Amino acid sequence: MTKEAFMIAVRAWRDSHPNREDAYLSVIPKQVADSMALEGDFVDVQFLEENLANL
């Protein structure tokens, strides 16, 4: 990917996610579930999403 194409993708992401903090927080449950899956543990992504809202 060229530097220009990368910057276009970044700008498009920023435009589609005006509240970056919410965008970052929204992917935490999947990242945790993926990390735990690599360790051989199962985790329910929906459970993580529901509990993230309670933090």
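Residues numbered from 1 in each chain as written. Predicted model: local features only at pLDDT ≥ 70, side-chain atom pairs only at ≥ 80, totals over all residues. Heavy atoms only, no water.

**Student:** I keep staring at the overall build of the protein chain and nothing clicks. Help me out?
**Tutor:** Broken down by element type, the protein chain carries 4 helices and 0 strands. Its helices and strands in sequence order give the protein chain the pattern α-α-α-α, from N to C terminus. Computed over its C-alpha atoms, the radius of gyration of the protein chain comes to 15 Å, more than 25% above the 10 Å expected for a compact globule of 55 residues. Burial status across the protein chain gives 11% buried among its 55 residues. Carbon together with sulfur atoms contributes 57% to the accessible area of the protein chain, which is approximately 4900 Å² in total. Seen as two clouds, the 5 positive and the 10 negative side-chain charges of the protein chain have centres 17 Å apart. (Helix = DSSP H or I, 4+ residues; strand = E, 2+ residues; numbered from the N terminus. Rg over C-alpha atoms; globule rule 2.2 N^0.38 Å. Buried < 20%, exposed > 50% of the residue type's maximum accessible area, 1.4 Å probe, protein only. Areas by Shrake-Rupley, 256 points an atom, 1.4 Å probe, with all protein chains shown as cover. Lys, Arg positive; Asp, Glu negative; His and termini not counted. Charge placed at Lys NZ, Arg CZ, Asp CG, Glu CD.)

**Student:** Any chance you could explain the environment of Gln46 here in plain terms?
**Tutor:** Tracing the sequence through the fold places Gln46 in helix α4 (residues 45-52). In this structure, the C-alpha to C-alpha distance between Gln46 and His17, residues 29 residues apart in sequence, is 22 Å.

**Student:** So what exactly am I meant to see when it comes to a nonpolar patch on the surface here?
**Tutor:** A cluster of nonpolar residues, Leu25, Ile28 and Val32, forms a patch on the protein surface that exposes about 190 Å² of accessible area. Within the secondary structure layout, Val32 lies in helix α3 (residues 28-38). Note on Val32: relative accessible area 33%, which makes it partly exposed. (Patch = residues over 30% accessible without salt bridge, like charges linked within 9 Å, V, L, I, M, F, W, Y side chains within 5 Å. Salt bridge = Lys/Arg side-chain N within 4 Å of Asp/Glu carboxyl O.)

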